[in-house]
Amino acid sequence: MGDIEPQVAGGKVLWHFTMSLDGFVAGPNHGMNWMTGVSSRDGLADEYATTTGAVLGGRDGWDRYPDPGGIYGGAWSGPVFVLTHHPEDATPTDGVTFLNCGPAEAVRIGLEAAGGKNLEIFSADIGRQLLELGLIDEIDLHIAPVLLGDGIRLYDNPGGAPIRLHRVGASDPASAIDVRYRPAAAAE
């Protein structure tokens, strides 16, 4: 995919995920065991840990993985915000604030808490809403060499209009990315 410049802490709203080649960011029921055996470039987690000031996620993902200490393998700590319609039944957790507001207000709160660093969005549904509101500054995807076939899609908006994106750092911002994989059994 070529060289991409490292992420910087620029106070951005950053929608950030590792995604399967077929567009899923989590398996069924928010399962993440599909990432076992997937590698990434050296220093990637540290890069995001140092540029992230706060995290905004959704209730479904939080209920499945309610441990802020696991973000970036424990390399990051900071304010976590969970957007939910039912904050009253959430289990209180140190460093986690449960918000019952609109997504734009959640971004305002998260950016303020991020202190000039990036607010990372860890929710497909919230990311979609923020994209439609024009509040996503950048989308960072790490495409894993796996096809899930089912789960939580990065972007799911049946009947909606396409949203055009520009590649960051590309001479042609509308250019496609070329990737080539072989099934693991064929590669061996």
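Before reading further, recall that the structure is shown in the block above.
Residues numbered from 1 in each chain as written. Predicted model: local features only at pLDDT ≥ 70, side-chain atom pairs only at ≥ 80, totals over all residues. Heavy atoms only, no water.

(A) Highlighting the side chain of Lys12. Of note, Lys12 is situated in the segment before strand S1 (13–20). With relative accessibility at 14%, the residue Lys12 sits in the buried group. When sequence neighbours within four positions are dropped, the list of residues in contact with Lys12 reads Gln7, Leu111, Lys117, Asn118, Leu119, Asp137 and Glu138. (Helix = DSSP H or I, 4+ residues; strand = E, 2+ residues; numbered from the N terminus. Buried < 20%, exposed > 50% of the residue type's maximum accessible area, 1.4 Å probe, protein only. Contact = heavy atoms within 4.5 Å.)

(B) Local environment of the sheet that holds strand S5 (residues 96–99). Read across the open sheet, the 6 strands follow the order S5-S4-S3-S6-S1-S7; overall the sheet is parallel. With partners counted over all chains shown, the strands left at the sheet margins are S5 and strand S7 (138–144), one partner each. Along the sheet, successive strands turn relative to each other by an average axial angle of 25°, direction set aside. Here 5 bridges tie strand S3 (residues 52–58) to strand S6 (residues 118–122), and the two strands are oriented parallel to one another. Directly across from Val55, in S6, lies its bridge partner Glu120. Packed onto the sheet, helix H1 (residues 44–51) meets S1, S3, S6 and S7 and runs at close to 95° relative to S3. (Pairing = 2+ DSSP bridges. Axes fitted to C-alpha atoms, helices over the stretch in contact; angles between N-to-C directions.)

(C) Summary view of the pairing of strand S4 (residues 80–83). Across the two faces of S4 the burial is the same, with Val80 and Val82 and Phe81 and Leu83 all buried. When S3 meets S4, the two strands line up parallel, connected through 4 bridges. Bridging from a neighbouring strand, Leu56 pairs with Phe81 of S4. Each parallel crossover has a hand, and the one from S3 via helix H2 (residues 59–64) to S4 is right-handed. (Right-handed = clockwise from strand over helix to strand, strands pointing away.)

(D) Spatial organisation of unusual backbone geometry. Of note in this structure, Asn29 is not a glycine but carries a positive phi near 60°. Its place among the elements puts Asn29 in the loop between strand S2 (24–26) and H1. Residue classification places Asn29 among the exposed positions, given a relative accessible area of 64%. For His30, which is not glycine, the phi torsion reads 65° and is therefore positive. Relative to the elements of secondary structure, His30 occurs in the loop between S2 and H1. Overall, His30 belongs to the partly exposed group, its relative accessible area being 22%.

So, to be careful, I would describe these as geometric facts and stop short of saying anything about function.
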